[in-house]
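# Inside the fold
The primary structure of each chain is shown beneath.
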Amino acid sequence: MTDSSRTVPLADVKHVRIRHLQEAKRVRERFVMLTAYEQYAAEIFDQAGIDVLLVGDSASNNVYGHKNSIPVTLDQLIPLCAAVTRSVQRPLVVADLPFGSFEVSTSQAVESSVRLMKEGLAHAVKMESTKHFAPHVSALTNAGIPVMAHIGFTAQREHQLGGYRVQGRGDDAKRLMEDALALQEAGAFCLLMEMIPEDVATGIDAAVDIPTIGIGAGASTTGQVLVWQDMAGLGSGKPFTFVKQYANLREDLTKAAQAFAKEVRQGAFPTLDHTF
């Protein structure tokens, strides 16, 4: 349901900005976010009407072949972000601050974020956060850098959290609420919640004025995000419970590669149609 006071539906906005996401929260309109790491996926998602693109530290295990998000560096993410931003017209492009690029100090966080915006052309940054990083969010906001805060399961802290585990169960829900309110107060423009119980996510969404994004956090959030390779069925292995696959690109690409290989070996490709 939307509010009649909205002048332009989000789907009709020519260039998505932070204020459009904040208005979506106000009028109870949903928005859509996917990861992107290179030109062609970014172009396709732009044409498909995706509102926000995240150049995530998930590039670590979806581009660079690592087992988790920890090894990817700022220098590796910056060119991916620049490629995405140069390839799109409409979406808001958000870049992750990777592990090791912001924790040391507020100055480190500002310096890394400036690089993501100047060299990577990002429109905003995302920071895996707790209330203890509220000063970092405040420093970035004061420097003119929009911050999307990320709470719940935070993959950069996988080892500290004991693996990929749901956060916010039982008494731990209070901690997540405190994190959310502190990060909003520090100036975060949006709050991403990952792998937390739906009732906890619903409570947090109701308690904050900023838009929320869910990934494994139920349906009450303003937006939803998935890693695009998970959404499109390109990855290997069993997907997470919260992932819905809308295609099977791994199967389609395998069949295409097998058909190409067969035709080359049989001399069926190239034909005169493919020859100068």
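Residues numbered from 1 in each chain as written. Predicted model: local features only at pLDDT ≥ 70, side-chain atom pairs only at ≥ 80, totals over all residues. Heavy atoms only, no water.

## Topic: the side chain of Ser58
Selection rule: Strands here mean DSSP runs of E at least two residues long; helices mean DSSP runs of H or I at least four residues long; both are numbered from the N terminus. For every residue, the accessible area obtained with a 1.4 Å probe (protein chains only) is divided by the maximum for its type, and the residue is called buried under 20%, exposed over 50%, and partly exposed between those limits. Polar contacts, as used here, are pairs of N or O atoms within 3.5 Å; protein pairs need one atom able to donate a hydrogen and one able to accept it. Residues neighboring in sequence count only if both atoms are side-chain atoms. Every residue pair with non-hydrogen atoms within 4.5 Å of one another is taken to be in contact.
Structurally, Ser58 is set in the loop between strand S2 (52–55) and helix H3 (59–62). What makes Ser58 buried here is its relative accessible area of 11%. Among the polar contacts listed, one links the side chain of Ser58 to the side chain of Tyr37, at a separation of 2.6 Å. Each residue touching Ser58, except ones within four places of it in the same chain, is listed here: Thr35, Tyr37 and Val227.

## Remarks on the nonpolar core
What counts is decided by this rule: We call a set of buried residues a nonpolar core when its members are Ala, Val, Leu, Ile, Met, Phe, Trp, Tyr or Cys and they connect through side-chain atoms within 4.5 Å of each other.
Phe45, Met127, Leu191 and Ile204 are the most contacted members of the largest nonpolar core, which totals 75 residues. Apart from the residues lying within four places of it in its own chain, the contact partners of Phe45 are Leu34, Thr35, Ala36, Ile50, Leu53, Trp228 and Met231.

## Overview of the UniProt feature "active site" (unreviewed entry) in the protein
We count it as follows: UniProt positions are given in the numbering used here, feature names are shortened, and annotations may be inferred rather than shown by experiment.
Sequence positions flagged by UniProt for "active site" (unreviewed entry) are, in local numbering, Glu194. Relative to the assigned elements, Glu194 resides in strand S6 (residues 190–194). According to the relative accessible area criterion, Glu194 is buried, its value standing at 12%. Once you skip the residues sitting within four places of it in the chain, Glu194 turns out to touch His150, Ile151, Gly152, Phe153 and Ile215.

## Some thoughts on the packing of helix H8 (residues 172–186) against helix H9 (residues 198–207)
For the record, the criterion: Every angle, taken between N-to-C directions, lies between 0 and 180 degrees, and every axis is a line fitted to C-alpha atoms, over only the stretch in contact when it is a helix. The labels follow the angle: roughly parallel below 35 degrees, roughly antiparallel above 145, roughly perpendicular from 65 to 115, and oblique for the rest. In a left-handed crossing the near helix is turned counterclockwise from the far helix by less than a right angle, and in a right-handed crossing that turn is clockwise. All residues other than Ala, Val, Leu, Ile, Met, Phe, Trp, Tyr, Cys, Pro, Asp, Glu, Lys and Arg, Gly among them, are scored as polar; the first ten of these are nonpolar and the last four charged.
It is the contact of H8 with H9, at a shortest axis distance of 10 Å, that shows an interaxial angle of 30°. Taken together, the axis directions place H8 and H9 in an arrangement best described as roughly parallel. When the axes of H8 and H9 are compared, the crossing they make is right-handed. Contacts from Ala173, Leu176, Met177, Ala180 and Leu181 in H8 reach Val200, Gly203, Ile204 and Ala207 in H9. A breakdown of the residues in the contact of H8 with H9 according to their chemical character gives 8 nonpolar, 1 polar and no charged.

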